[in-house]
Amino acid sequence: MRTISSEVAVRLYYLDDGEGGTASTLFYGPLGEALAIAAAEPDDVQAGLFLQTSNDVVAYLDLVED
């Protein structure tokens, strides 16, 4: 993800890996808040979370894993 400011607007969404693979937006707002919301989700949900900016999409776990 190119953007690193905690204030940049992002879309936090969950991508269902079931048939059809629907994307459900959980939050739209500052990156810092989106990360806090994502961290509070259960592990199985975190595996399907993605953060989208105006120019990038990254899996939540790719962003936070060491």
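Right above here is the structure, for reference.
Residues numbered from 1 in each chain as written. Predicted model: local features only at pLDDT ≥ 70, side-chain atom pairs only at ≥ 80, totals over all residues. Heavy atoms only, no water.

## Points about helix 1 (residues 31-40)
Item 1. Those residues of helix 1 lying buried are Leu 31, Ala 34 and Ala 38. Take helix 1 and look down its axis: the buried residues cluster within an arc of 60 degrees, on one side only.
Item 2. Where helix 1 is buried, its residues touch strand 1 (9-15), strand 2 (23-30), helix 2 (43-46), strand 3 (49-52) and helix 3 (60-64). (Buried < 20%, exposed > 50% of the residue type's maximum accessible area, 1.4 Å probe, protein only. Helix = DSSP H or I, 4+ residues; strand = E, 2+ residues; numbered from the N terminus. Arc of directions from axis to C-beta. Contact = heavy atoms within 4.5 Å.)

## A few points about the environment of Ser 6
Item 1. By the secondary structure assignment, Ser 6 is in the segment before strand 1.
Item 2. Residue Ser 6 is classed as partly exposed on the basis of its relative accessible area of 41%.
Item 3. Between the C-alpha atoms of Ser 6 and Asp 43, which are 37 residues apart in sequence, the distance is 23 Å.
Item 4. Contacts of Ser 6, omitting those with residues within four sequence positions, involve Pro 30, Leu 31 and Gly 32.

## Observations concerning the nonpolar core
Item 1. Val 10, Leu 12, Phe 27, Leu 31, Ala 34, Ala 38, Val 45, Leu 49, Leu 51, Val 58 and Tyr 60 together form the largest nonpolar core, which totals 11 residues.
Item 2. In terms of residues, this core owes the most to one element, helix 1, which gives three residues.
Item 3. Look past the residues within four positions of Leu 49 in its chain and what remains in contact with it is Leu 12, Tyr 13, Tyr 14, Leu 26, Ala 38, Glu 41, Ala 59 and Tyr 60. (Core = buried A, V, L, I, M, F, W, Y, C linked by side-chain atoms within 4.5 Å.)

## A word on the environment of Ser 5
Item 1. With respect to the helices, strands and loops of the structure, Ser 5 is situated in the segment before strand 1.
Item 2. Separated by 27 residues in sequence, Ser 5 and Gly 32 have C-alpha atoms that sit 8.3 Å apart.

## As for the sheet that holds strand 3
Item 1. Pairing in this open sheet of four strands is antiparallel, and the strands run 2-1-3-4 from one edge to the other. This sheet does not close on itself; its edge strands, each paired only once, are strand 2 and strand 4 (57-59). Recorded for the sheet is a direction-independent mean angle of 25 degrees between the axes of neighbouring strands.
Item 2. With respect to the sheet, helix 1 is in contact with strand 1, strand 2 and strand 3, its orientation differing from that of strand 2 by roughly 135 degrees. (Pairing = 2+ DSSP bridges. Axes fitted to C-alpha atoms, helices over the stretch in contact; angles between N-to-C directions.)

## Brief notes about the side chain of Gln 46
Item 1. Among the secondary structure elements, Gln 46 is positioned in helix 2.
Item 2. A polar side-chain atom of Gln 46 sits 3.0 Å from the main-chain carbonyl oxygen of Glu 41.
Item 3. In this structure, Gln 46 is in contact with Ala 38, Ala 39, Ala 40, Glu 41, Tyr 60 and Leu 61, ignoring residues within four places of it in sequence. (Polar contact = N/O pair within 3.5 Å; in protein donor to acceptor, adjacent residues only side chain to side chain.)

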